[in-house]
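Below are the chains, spelled out letter by letter.
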Amino acid sequence: MMNVALLKQWRHSLVVTALLAGALSVTACQPKQETEPSLEESISEEQAVPMSAEPAEPSDVVVDASASEVADDTVATVNTGVNQITYLCSPELEVEATYKDADSQVVLATAKGSVTLTKTNEASNPEVFEGATAIDGTTGFVQWRVAHKDRETGVMRTAGTDATNVTTYECKKTQ
């Protein structure tokens, strides 16, 4: 009877061993899930990649000018008060008006020439500018009256050596 009891014990041990071996082989055969890289790992990998092979531009700017030259240049650039407007006039003429408000002047440039006029009144509607030469630089006169809020319309009166032969142009600002 001893043989039967021994056989049952061995069979029981064999079954338990087989079950353990099967369990181990099943877990060993299961595919492992790959973990995705964490955000910190991604950032550190991106930082390791060089951005460019060229060196960065230097941030130091060297100015080879005296402080007074720079100050004069800055004042001239900032405080110019220049406003440029193009007008189409009738009879047909294109006028480029450059207003220099600080100097109370306007420079009128046309295909016939250009002339600098000086403001003769304190009003802003109309503003009146006059010059003692014709547009082509010869003897004569030019008067420029500009009106409305943004100097939208203008009237130019001009004459050459014959001051009685006045040509009048009605001008409108172009967009």
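Conventions used here
Residues numbered from 1 in each chain as written. Predicted model: local features only at pLDDT ≥ 70, side-chain atom pairs only at ≥ 80, totals over all residues. Heavy atoms only, no water. Helix = DSSP H or I, 4+ residues; strand = E, 2+ residues; numbered from the N terminus. Contact = heavy atoms within 4.5 Å. pLDDT = per-residue confidence, 0-100. Salt bridge = Lys/Arg side-chain N within 4 Å of Asp/Glu carboxyl O. Buried < 20%, exposed > 50% of the residue type's maximum accessible area, 1.4 Å probe, protein only. Pairing = 2+ DSSP bridges. Axes fitted to C-alpha atoms, helices over the stretch in contact; angles between N-to-C directions.

Asks: Is there a simple way to think about the environment of K100 in this case?
Replies: Position of K100 relative to the elements: it lies in strand β2 (residues 93-100). Sequence spacing of K100 and T118 is 18 residues, and the spatial spacing of their C-alpha atoms is 9.6 Å. With near-sequence residues (within four places) excluded, K100 lies in contact with G81, V82, Q105 and V107.

Asks: Looking at this model, I keep getting lost on the confidence of the model for the protein chain. Mind explaining?
Replies: Low pLDDT marks stretches whose predicted atomic positions should not be read closely. Confidence in the prediction of the protein chain, expressed as mean pLDDT, is 77, and 65% of residues score 70 or more. Mean pLDDT per element in the protein chain: helix α3 (residues 67-78) is the minimum at 47, and strand β8 (residues 167-173) is the maximum at 95. Low pLDDT (under 50) marks residues 70-79, which in the prediction has two contacts with non-local residues, meaning those over four places away or in another chain.

Asks: Just checking my understanding: could you explain the pattern of salt bridges for this structure?
Replies: Side-chain pairing between opposite charges can occur once the charged atoms of the two side chains come close. Considering all chains together, one arrives at three salt bridges under this definition. Across the salt bridge formed by K119 and E127, the nearest N and O atoms sit 3.2 Å from each other. Look at K119 and you get partly exposed, because its relative accessible area is 23%. Using a relative accessible area of 7% as the deciding quantity, one classes E127 as buried. Through salt bridges with shared partners, a single network forms among D101, K119, E127 and R151.

Asks: What should I look at first to understand the sheet that holds strand β7 (residues 153-159) in this one?
Replies: Taken in spatial order, the eight strands close into a barrel running β1-β2-β3-β4-β5-β6-β7-β8, and their pairing is antiparallel. For this sheet the average axis-to-axis angle between neighbouring strands, irrespective of direction, equals 30 degrees. As paired strands, strand β3 (residues 105-110) and strand β4 (residues 113-119) are joined by six bridges and run antiparallel to one another. The partner of V106 across the bridge, within β4, is L117.

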